[in-house]
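Chains, contacts and geometry: an overview
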Amino acid sequence: MRILLTNDDGIYAPGLAAMERQLQQLGDVTVSAPLTEQSGVGHAITYLTPLMAREVFAEDRTRRGWAVEGSPADCVKLAICALLPERPDLVVSGINSGMNAGINVLYSGTVAAAIEGAFFGITSIAVSLEYHDAPRYDIAAEKAAAIIQQLLAQQNATGHLYNLNIPIVVQIVA
């Protein structure tokens, strides 16, 4: 399975790293995320200036992904149309710091990135973690990956959009 991973908190966000580690157990993960934090940008896209992307590498020189000077929706669109050699089977956006429920989904870059994937007919999942002063992204990513596996196992068609919010109780109880 080919997985495109993005977020709105930026390529160096701890939630993104935790989600990447878990998703690697499900398939081949490619990261295309904003260079800087893009929370609250909604479904903005860049069209008046050049959209720049550069490869980012970890300290051990392994490829970390693409840092895009744009919005989360830009990251998904650019990855699908230009950066990836093949179309992904799944788009995951997150783990976002803070829930995306109610009216917040209209402003959320995390949710917008998942919507962008669904626009392309690709099953897409936004993952958010309820705010906590000491977030446990590792636990949240583990729970999210298990739920993602369940969703994919039940799915009969492509292009579904899911918004997964992980409550604080998961961080405390686990």
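Let me sum up the structure you'll find in this document. (Residues numbered from 1 in each chain as written. Predicted model: local features only at pLDDT ≥ 70, side-chain atom pairs only at ≥ 80, totals over all residues. Heavy atoms only, no water.)

Moving on, we get to the overall build of the protein. Looking only at helices and strands, the protein features six helices and seven strands. If you list the helices and strands of the protein from N to C, you get β-α-β-β-β-α-β-α-α-β-α-β-α. Against the 2.2 N^0.38 benchmark of 16 Å for 174 residues, the protein shows a C-alpha radius of gyration of 15 Å, consistent with a compact globule. Judged by the C-alpha coordinates and their principal axes, the protein covers about 45 × 40 × 35 Å. Within the span of the protein, comprising 174 residues, buried residues form 49% of the whole. Across the protein, contacts joining residues at least 24 apart in sequence account for 77% of those joining residues at least 6 apart. Surface exposure of the protein reaches about 8500 Å², of which carbon and sulfur atoms provide 54%. (Helix = DSSP H or I, 4+ residues; strand = E, 2+ residues; numbered from the N terminus. Rg over C-alpha atoms; globule rule 2.2 N^0.38 Å. Buried < 20%, exposed > 50% of the residue type's maximum accessible area, 1.4 Å probe, protein only. Contact = heavy atoms within 4.5 Å. Areas by Shrake-Rupley, 256 points an atom, 1.4 Å probe, with all protein chains shown as cover.)

Here we take up helix α1 (residues 14-23). Across the 10 residues that make up α1, a large majority, eight, are buried. Among the residues making up α1, those that are buried are Gly15, Leu16, Ala17, Ala18, Met19, Glu20, Gln22 and Leu23. In the core, the buried residues of α1 are packed alongside β1 (2-6), β2 (28-34), β4 (63-68), β5 (90-97), β6 (123-129) and α5 (137-154).

Applying the stated criterion across every chain, the model contains six salt bridges. Where Arg64 meets Glu20, a salt bridge forms, and the shortest distance between an N and an O atom there is 2.4 Å. Highlighted residues: Arg64 in strand β4 and Glu20 in helix α1, separated in sequence by 44 residues. Like Glu20, Arg64 is buried. What emerges from the salt-bridge pattern is a single network uniting Arg2, Glu86 and Asp89. (Salt bridge = Lys/Arg side-chain N within 4 Å of Asp/Glu carboxyl O.)

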